[in-house]
Amino acid sequence: MTASKATTAQAGTPAASGYRSLSMPMRYLINAILVVVFLVVGELMIDGGVVSRYQTGVIEQIGIYIILAVSLNIATGYLGQLPLGHAGFMSVGGYSCAIFIMRMMDVVGVTTRDFATGSPAAVGLFIIGIIFGGVCAAICGLIIGVPALRLKGDYLAIITLGFAEIIRVVMQNIDGVLGFTLTGGAKGLTGIPSYTNFLNTFIVVAISLFLIHTMMKSRHGRAILSIRDNEIAAESCGVNTTYYKTLAFVASAFFAGVAGGLYAGCIGVMAPAKFGFMKSIEILVMVVLGGMGSMLGSVISATVLTILPEALRTVSDYRMVVYAVVLILVMIFRPEGLLGDYDFSMSRVIERIMNHGKRPEDFAPATTPAVEAAVPASASAEAPVAPAATTKKDTGKEANTHE
């Protein structure tokens, strides 16, 4: 085997077969460049006055609902379960983050203006508060998930819905039990500083999507997907189904808590009435509409369903009717969701361009190094090489003649 052949074989099947692919560091670099470009363009539009303050608030809510939809997709689309308590985890994260930041502002000497100017102390407090809210929601997800995930289907939906209502009632009445003001009771928690802005929302969304995507591409994600496809077969193959179902549920609750922390800083008021049954249904609709198991589908549906009610405010008397009609039409003509289980990849698009629109399966399979090593050098040099068309595409009669 010549040196050029050895190099080609070591490079892997795509390179050996003529298919040009991007390395993993190059793929991460391309995605990082795209994130930076979107961030810079967004900041320039906001600073230049192209985007108003109201529109900036809508964009921030889009980012929040993207995290909520993608996080629920972990339990619904990837794990294959049907929890209806996502709003409860969102409220736990929102209350925890807001209370933590409000109580720690005097301790570290941070004012509301510091959040606007982005001082180091304010940024550090924001990061710790967001993580604290996510951890509190994850703990609640663990407490709820261990007993709840023993059930399936409608029973799981009912029990998670019940737990979400318990969380809402606790947030509403805990002040009377403690004897001091913590959550604000039924009137809600007010005076929350505006620590959420376009910059930190965009960064948190990008980090959340990256972490979820990385988790689902790892062996842990493959184990979660195997449970969705066939739980009995996955367990028979050695997959710890209880562990991975709990892991997916806790991860989903963590990111819901992170989104809740951003929501508290965006809205400025946390009221228990905002996190009822309909909030969980609203998030679930985003996941189903985008496509179960499609991250890009959740992103698109969260964006559309957040903008649509705001865009229809001019016809306020009919906007909810139009909103419902759009959902019905989509589910009639696309019952699997907008994208099904498809996920977009910029690296894949660039590879298609590099290979002039051809896919990897369009190229001939490469010979592996083990096969080449098994053939003696003298035999490979002396024996005539049969044409590929003769060995693979001949009819049965012709094949017998060659033998």
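In this text, all values refer to a predicted model and were calculated from it rather than measured experimentally. Every chain is numbered on its own, with residues counted from 1 as its sequence reads. In keeping with the predicted nature of the model, local features appear solely for residues at pLDDT of at least 70, side-chain atom pairs appear and are counted solely at 80 or more, and the whole-chain, interface and lining totals rest on all residues. Only heavy atoms go into the side-chain values, all of them from the structure, while hydrogens and water stay out.

1. Concerning the pattern of salt bridges
- The salt bridge definition used is simple: a Lys or Arg side-chain nitrogen within 4 Å of an Asp or Glu carboxyl oxygen. Here the structure, examined in full by the defined rule, presents five salt bridges.
- For E60, the salt bridge identified is with R53, shortest N-O distance 3.6 Å.
- When a residue's accessible area, from a 1.4 Å probe over protein chains only, is under 20% of the maximum for its type it is buried; when over 50% it is exposed; and in between it is partly exposed. Take E60: its relative accessible area is 2%, and that puts it in the buried class.
- On the basis of relative accessibility, which here comes to 57%, the residue R53 falls in the exposed class.
- Between R228 and D229 there is a salt bridge, with its nearest N and O atoms 3.4 Å apart.
- D229 sits in the exposed class, given a relative accessible area of 58%.

2. Section: the packing of aromatic side chains
- Working definition: rings of Phe, Tyr and Trp (its six-membered ring) pair if their centres are within 6.5 Å, and the pair is stacked with planes under 30 degrees apart, edge-to-face with planes over 60 apart, and tilted otherwise. Inspection of the entire model under this criterion finds eight aromatic pairs.
- Considering the side-chain rings of F126 and Y195, the 5.9 Å spacing of their centres and the 55 degrees angle between planes classify their relative orientation as tilted. Residue F126 is located in helix α7 (residues 120-148), and its partner Y195 is located in the loop between α8 (153-178) and α9 (198-217); the two are separated by 69 residues in the primary sequence.
- Judged by relative accessible area, which is 1%, Y195 ranks as buried.
- Taking 4.9 Å as the distance between ring centres and 75 degrees as the angle between the ring planes, the aromatic pair formed by Y243 and Y244 counts as edge-to-face. Secondary structure elements follow DSSP: runs of H or I no shorter than four residues count as helices, runs of E no shorter than two count as strands, and numbering proceeds from the N terminus.

3. Considering the packing of helix α4 (residues 53-78) against helix α14 (residues 295-311)
- Fitted lines through C-alpha atoms serve as axes, helices being fitted only where they are in contact, and the angles separating the N-to-C directions of these axes extend from 0 to 180 degrees. The geometry of α4 relative to α14 is characterised by a closest axis approach of 8 Å and an angle of 140 degrees between their N-to-C directions. As judged from the angle between their axes, α4 and α14 are oblique. The way α4 lies across α14 gives a crossing that is right-handed. When α4 is examined against α14, the residues Y54, V58, Q61, I62, Y65, I66, A69, V70, N73 and Y78 are found in contact with a partner set consisting of M295, S298, V299, A302, T303, T306, I307 and E310. Should an angle fall under 35 degrees it is taken as roughly parallel, and over 145 as roughly antiparallel, whereas 65 to 115 is taken as roughly perpendicular and any remaining angle as oblique. Crossing handedness: left-handed means the near helix sits turned counterclockwise from the far one by under a right angle, and right-handed means the same turn made clockwise. Contacts are assigned to residue pairs that have any heavy atoms within 4.5 Å of one another.

4. Things to note about the nonpolar core
- Among the nonpolar cores identified, the biggest contains 82 residues, and L68, I101, F115, Y195 and M270 are the most heavily contacted of them.
- For this core, the leading source of residues is helix α12 (residues 241-267), giving 13 residues.
- Beyond its immediate stretch of four places on either side in the chain, F115 contacts I101, M105, V110, A122, L125, P193, S194, Y195 and N197. To qualify as a nonpolar core, a set must consist of buried Ala, Val, Leu, Ile, Met, Phe, Trp, Tyr and Cys residues joined through side-chain atoms within 4.5 Å.

5. Overview of the confidence of the model for the chain
- Residues with a pLDDT of 70 or more make up 81% of the chain, whose mean pLDDT is 81.
- A score between 0 and 100, pLDDT records how confident the predictor is in each residue. The low-confidence segment residues 1-16 (pLDDT under 50) makes nine contacts with residues lying over four places distant or belonging to another chain.
- Residue range residues 377-403 is modelled with pLDDT below 50. Its contacts to residues more than four positions away, or to other chains, number seven contacts.

6. Quick word on the environment of P83
- In this fold, P83 is placed in the loop between α4 and α5 (86-108).
- Each C-alpha atom of the pair P83 and A157 lies 4.8 Å from the other, and the pair is 74 residues apart in sequence.
- Leaving out residues up to four positions away in the same chain, P83 has contacts with L72, A75, T76, T160 and F249.

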